[in-house]
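Take a look at the letters that make up each chain.
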Amino acid sequence: MSNNNELIGIHHVTAMTNDAVRNYEFFTQVLGMRLVKKTVNQDDIYTYHTFFADDQGSPGTDMTFFDFPNNPKGSRGTNSISRAAFRVPNDAALEYYLNRFEEFGVKHDGIQELFGKKVLPFEEEDGQRYQLISDELNKGVKPGIPWKNGPVPEDKAIYGLGPIEITVSYYEDFKSVLKQVFGMKPIIEEDDVTILEVGEGGNGAQVILRKDDQNPEARQGYGEVHHVSFRLKDHEAIKAWEDKYNELRIGNSGNVDRFYFEALYARIGHILIEVSTDGPGFMGDEPYETLGESLALPPFLEAKRDYIESEIKAFDTSTKH
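Residues numbered from 1 in each chain as written. Predicted model: local features only at pLDDT ≥ 70, side-chain atom pairs only at ≥ 80, totals over all residues. Heavy atoms only, no water.

Engineer: Could you give an account of the sheet that holds strand β16 (residues 261-268), with specific residues and numbers?
Structural biologist: The strand order β2-β3-β4-β1-β14-β17-β16-β15 describes an open sheet built from eight strands, whose pairing is mixed. At either end of the open sheet lies a strand with only one pairing partner, and these are β2 (34-41) and β15 (256-257). In this sheet, strand β17 (residues 271-280) lies alongside β16 in antiparallel orientation, the contact comprising seven bridges. Note that in β17 the partner of L264 across the bridge is V275. (Pairing = 2+ DSSP bridges. Helix = DSSP H or I, 4+ residues; strand = E, 2+ residues; numbered from the N terminus.)

Engineer: Describe the packing of aromatic side chains, with residues and values.
Structural biologist: Scanning the model with the defined rule gives 23 aromatic pairs in all. Taking the centre distance of 6.1 Å and the plane angle of 65 degrees together, the rings of F52 and F65 count as edge-to-face. Of this pair, F52 sits in strand β3 (residues 44-53) while F65 sits in strand β4 (residues 62-66), and the two are 13 residues apart along the sequence. Taken as a pair, F52 and F65 share a single burial class, namely buried. In this structure an aromatic cluster arises from ring pairing among F26, F27, F52, F65, F86, Y96, Y97, F101, F122 and Y130. The ring of Y288 has R34 lying over it, and the distance from NZ or CZ to the ring centre is 4.6 Å. Here the basic side chain of K38 rests over the ring of F315, its NZ or CZ set 4.9 Å away from the ring centre. (Phe/Tyr/Trp six-rings, centres within 6.5 Å; stacked < 30°, edge-to-face > 60°. Buried < 20%, exposed > 50% of the residue type's maximum accessible area, 1.4 Å probe, protein only. Lys NZ or Arg CZ within 6 Å of the ring centre and 35° of its normal.)

Engineer: Any details on the pairing of β17? Residues and values, ideally.
Structural biologist: The element β17 is extensively covered by neighbouring structure, given that seven of its 10 residues are classed as buried. Alignment of strand β14 (residues 225-232) against β17, held across five bridges, turns out to be parallel. Residue V228 lies in a different strand from β17, and its bridge partner there is I273. Hairpin remark: β16 followed by β17, antiparallel, with two residues in the connecting loop; positive phi at G269, about 60 degrees.

Laid out in structure tokens, this is it:
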């Protein structure tokens, strides 16, 4: 594939929550990430789809959530996306968040070292696992812009997604697919963990692949990650990936226009991997000042707005409250 069609970095991570309102409050008020889009799952309009990102909803910064009604609690285990991560500017920012987590009663494991970088693992109330990672020594894919009107000082705030952790029992097979199909390059290899990266590399473009052939399989549900997406430049790149999947006989969704970006899904073993275009982005249907404040619907759902609004429970995401 030409360089223009290669993966650039992580695009977004989508997880499942048991409470869209609590999750919104946690992400905006505790983590200090901006809600840049409040919409519905385009494949299941009874479900909110919320997007938390940097100040402008830049690609590579958004963590998104579904709140499927009556979704059971997921269970941890192997063959799953086991932890999402967020980038902060430096080690001092980790110290800031450590104090913040203490203040807000957030469950965390303290600041640790992971392959020469400082990290702060923590959990949301529903058991969803994350970690903050310090960009202190980081090079590679540029971060986004911290939320200017958020509760966390801009020089400390989360401004992008960090390495995505995937845990599988078929470690060598999965690793070879990441290398051969997705063009990922291993930069650290140990017996049961490999760090791979794409594009310019660094914290915004890495996968931490872990081996676990001891524990039972994870079960999807709230508190678990639904899928990870990697960045592609544009429409031409995603079409090239669709052709590539078809040539390799990898089952895929075909190119799906999500309005805010184009998407292509393929299940690799148990792991749902999406590739998405960097554009058009989140500013096309709402101005910067009021991103995420009202229910946004892509044009093909706009005709159903009254019905959708009558079916999903409204919640206030205006920044004035």
